[in-house]
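Chain residues, written in single-letter form:
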Amino acid sequence: MFTATAGTMLPTTIIGSLPRPSWYTENLGRRNFREAMVDRFYREQYLDAASAFLRDQETAGLDIVTDGDCRFDADVGGHNWFSYPPIRMAGFAGAEPYRTEGGRAGLPQKRGHILHDILEARVMPDLIGPVGRGTLQYTAIWKAAQRLTTRPVKFGTITPELIAMAVRDFHYKDLRKAIMAVSDALHEELVELVDAGCRVIQMEETQIHLLAAKGLVDKVLNPDFMVEVFNNTVRGLRGRCEIWCHTCWGNPAGQRIFGTQPSYAPALAALDRLDADVLTFENCSTGGMDLEAIGSHIKEKKVCIGVVDHHTLQVETPDQVAEMIRRALKHVPAERLVLASDCGMGREGMSRRHAFHKMVSIVLGTNIVRRELGLPEARCLAAEEQFSMVEDR
Ligand SMILES: [Zn+2]
């Protein structure tokens, strides 16, 4: 249900991660969150960084905020987005470098390519026993951020298939069973999170569009099973919480993983069957090429489109953002349109200031369209002239 976007026309947000402050040098490593928060140096840096992430979003004027993925370590390409759960969930152990034999989740790039570094940095535990929640501690992490702001904090988690596909399975020896076991464990974690009061959860990201685009369909890795996995993971939650499904075309170290960004068109029917309230689409980097297809397939869920690109340092202007929103409004009604970045901006991508000004552009561009439609605008402290320190001579 629309517990976060309800009541706001053309709500704005980001997908999740933000660039870490340079002074945020502490890392979780293999500790769990509560254990690390006993360490006063970690606790101080973590809470200061989360506050900085939230303040930047509030100063920009975003309606729905995130904790910037503050729990993830400063590692190559933002790898911790993958490794955070299996390091802490029950059933996983060890720290094994990625191997290509039989590897499903591989990137084809050879040594010398930046994405090869990503593969070298993919050190993951093995799956050696029954999967359980372990010490994911999503609720504590969400509370640590939500108690710093009155705006809804959107909590993001990687999806079960990506965890199961990234590890060697010596227990289930069956990818389908492994994925469903991770799904059940994540479900328990999310139930606790919703019970604690979290109003918006984002699943990052179903493999539906990637499988559909690659035409890769086997008896496990196919869009229908991915719909089943998603819906199993969030079962029963949508009645009490707003469920988002994030999709994009890749983000390690802020890199594109496809030469030309594929189209969402082959995946839209399956995406529409997800038990989700909001679907996010990478849209800025593709020049809005799928807007018409998205509008013609997605008729009830809200549609969140990227209006700034997480791969580029050039900050989109408010006019460019407004123009993209006007194009989107030809296909998606304002009541169902949400604006965001294409993906997270913090996975070893841009600087803090680049990300900040992209967030400001999201809000200023949305305000232009809100003004045109007679809708209330969001206050953007970052752009108020009265606070400029540059004086007229
Ligand atoms: Zn993404």
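Residues numbered from 1 in each chain as written. Predicted model: local features only at pLDDT ≥ 70, side-chain atom pairs only at ≥ 80, totals over all residues. Heavy atoms only, no water.

K.L.:
Go over helix α5 (residues 138-146), please, and point to the residues and values.
P.N.:
The buried fraction of α5 amounts to eight of the nine residues, a majority that puts the element mostly inside the structure. Listing the buried residues of α5 in full gives Tyr138, Thr139, Ala140, Ile141, Trp142, Ala144, Ala145 and Gln146. Among the structural elements, α1 (33-36), α2 (40-60), α3 (80-88), β3 (155-158) and α7 (175-195) are those in contact with the buried residues of α5. (Buried < 20%, exposed > 50% of the residue type's maximum accessible area, 1.4 Å probe, protein only. Helix = DSSP H or I, 4+ residues; strand = E, 2+ residues; numbered from the N terminus. Contact = heavy atoms within 4.5 Å.)

K.L.:
Now, about the nonpolar core: what can you tell me, with residues and values included?
P.N.:
If you look at the biggest cluster of nonpolar residues, it comprises 114 residues, and the most contacted ones within it are Tyr46, Ile201, Leu274, Phe281 and Ile305. Not counting residues up to four positions away in its chain, the partners in contact with isoleucine 201 are Phe155, Leu190, Leu193, Val194, Cys241, Glu242, Ile243 and Trp244. In terms of nonpolar packing, the next biggest core, distinct from the first, is built from nine residues, Ala4, Ile15, Ile64 and Val278 among them. (Core = buried A, V, L, I, M, F, W, Y, C linked by side-chain atoms within 4.5 Å.)

K.L.:
Describe the environment of glutamine 57, naming the residues involved and giving the relevant values.
P.N.:
With respect to the secondary-structure elements, glutamine 57 resides in helix α2. The class for glutamine 57 is buried, based on a relative accessible area of 0%. Along the primary structure glutamine 57 and methionine 359 are separated by 302 residues, whereas in three dimensions their C-alpha atoms are 7.0 Å apart. Setting aside residues up to four positions removed in sequence, glutamine 57 forms contacts with Ile14, Leu18, Leu62, Ile64, Val65, Thr66 and Met359. Separated by 3.0 Å, the side chain of glutamine 57 and the backbone oxygen of phenylalanine 53 make a polar contact. For glutamine 57, the side chain forms a polar contact with the main-chain oxygen of threonine 66, separated by 2.7 Å. (Polar contact = N/O pair within 3.5 Å; in protein donor to acceptor, adjacent residues only side chain to side chain.)

K.L.:
Describe the packing of aromatic side chains, listing the residues and the values that go with them.
P.N.:
Overall, the coordinates contain eight aromatic pairs when judged by the stated rule. Note on tyrosine 264 and phenylalanine 281: the rings are 4.9 Å apart at their centroids and 85 degrees apart in plane angle, and the pair reads as edge-to-face. You can see tyrosine 264 sitting in the loop between β5 (242-246) and α10 (268-272) and its partner phenylalanine 281 sitting in strand β6 (residues 278-281), a full 17 residues away along the chain. When sorted by exposure, tyrosine 264 lands in the same class as phenylalanine 281, which is buried. One aromatic cluster in this structure is built from Trp249, Phe258, Tyr264 and Phe281. The side chain of arginine 122 reaches across the aromatic face of tyrosine 98, ending 5.9 Å from its centre. Cation over ring: lysine 302 sits above phenylalanine 2, and NZ or CZ is 4.3 Å from the ring centre. (Phe/Tyr/Trp six-rings, centres within 6.5 Å; stacked < 30°, edge-to-face > 60°. Lys NZ or Arg CZ within 6 Å of the ring centre and 35° of its normal.)

K.L.:
Lay out the pattern of salt bridges in plain terms, naming residues and giving numbers.
P.N.:
Across all of its chains, the model carries 18 salt bridges by this definition. Among the ionic pairs, arginine 352 bridges to aspartate 56, the shortest N-O distance being 3.6 Å. Linking arginine 352 in helix α13 (residues 352-373) with aspartate 56 in helix α2, this pair joins segments that are 296 residues apart in sequence. Notably, a salt bridge pairs aspartate 195 with arginine 240, separated by 2.8 Å at the nearest N-O pair. Within this pair, whereas aspartate 195 is found in helix α7, its partner arginine 240 is found in the loop between α9 (223-233) and β5, the two being separated by 45 residues in sequence. A relative accessible area of 42% means that arginine 240 is categorised as partly exposed. Bridged by salt links that share partners, the residues Glu96, Asp126 and Arg168 form one connected network. (Salt bridge = Lys/Arg side-chain N within 4 Å of Asp/Glu carboxyl O.)

K.L.:
How would you summarise a positive patch on the surface if you had to cite specific residues and measurements?
P.N.:
On the surface, Arg34, Arg43, Lys143 and Arg147 cluster together into a patch of positive charge. For lysine 143, the location among the structural elements is in helix α5. (Patch = residues over 30% accessible without salt bridge, like charges linked within 9 Å, V, L, I, M, F, W, Y side chains within 5 Å. Areas by Shrake-Rupley, 256 points an atom, 1.4 Å probe, with all protein chains shown as cover. Lys, Arg positive; Asp, Glu negative; His and termini not counted. Charge placed at Lys NZ, Arg CZ, Asp CG, Glu CD.)

K.L.:
Account for the packing of α5 against α7, naming residues and giving values.
P.N.:
Interaxial distance between α5 and α7 falls to 8 Å at its minimum, and their mutual angle equals 35 degrees. Where α5 crosses over α7, the handedness of that crossing is right-handed. Contact residues: α5 offers Tyr138, Thr139 and Trp142, while α7 offers Leu186, Glu189, Leu190, Glu192 and Leu193. When its residues are assigned to classes, the contact of α5 with α7 shows five nonpolar, one polar and two charged. (Axes fitted to C-alpha atoms, helices over the stretch in contact; angles between N-to-C directions. Left-handed = near helix turned anticlockwise from the far one by under 90°. Nonpolar A, V, L, I, M, F, W, Y, C, P; charged D, E, K, R; others polar.)

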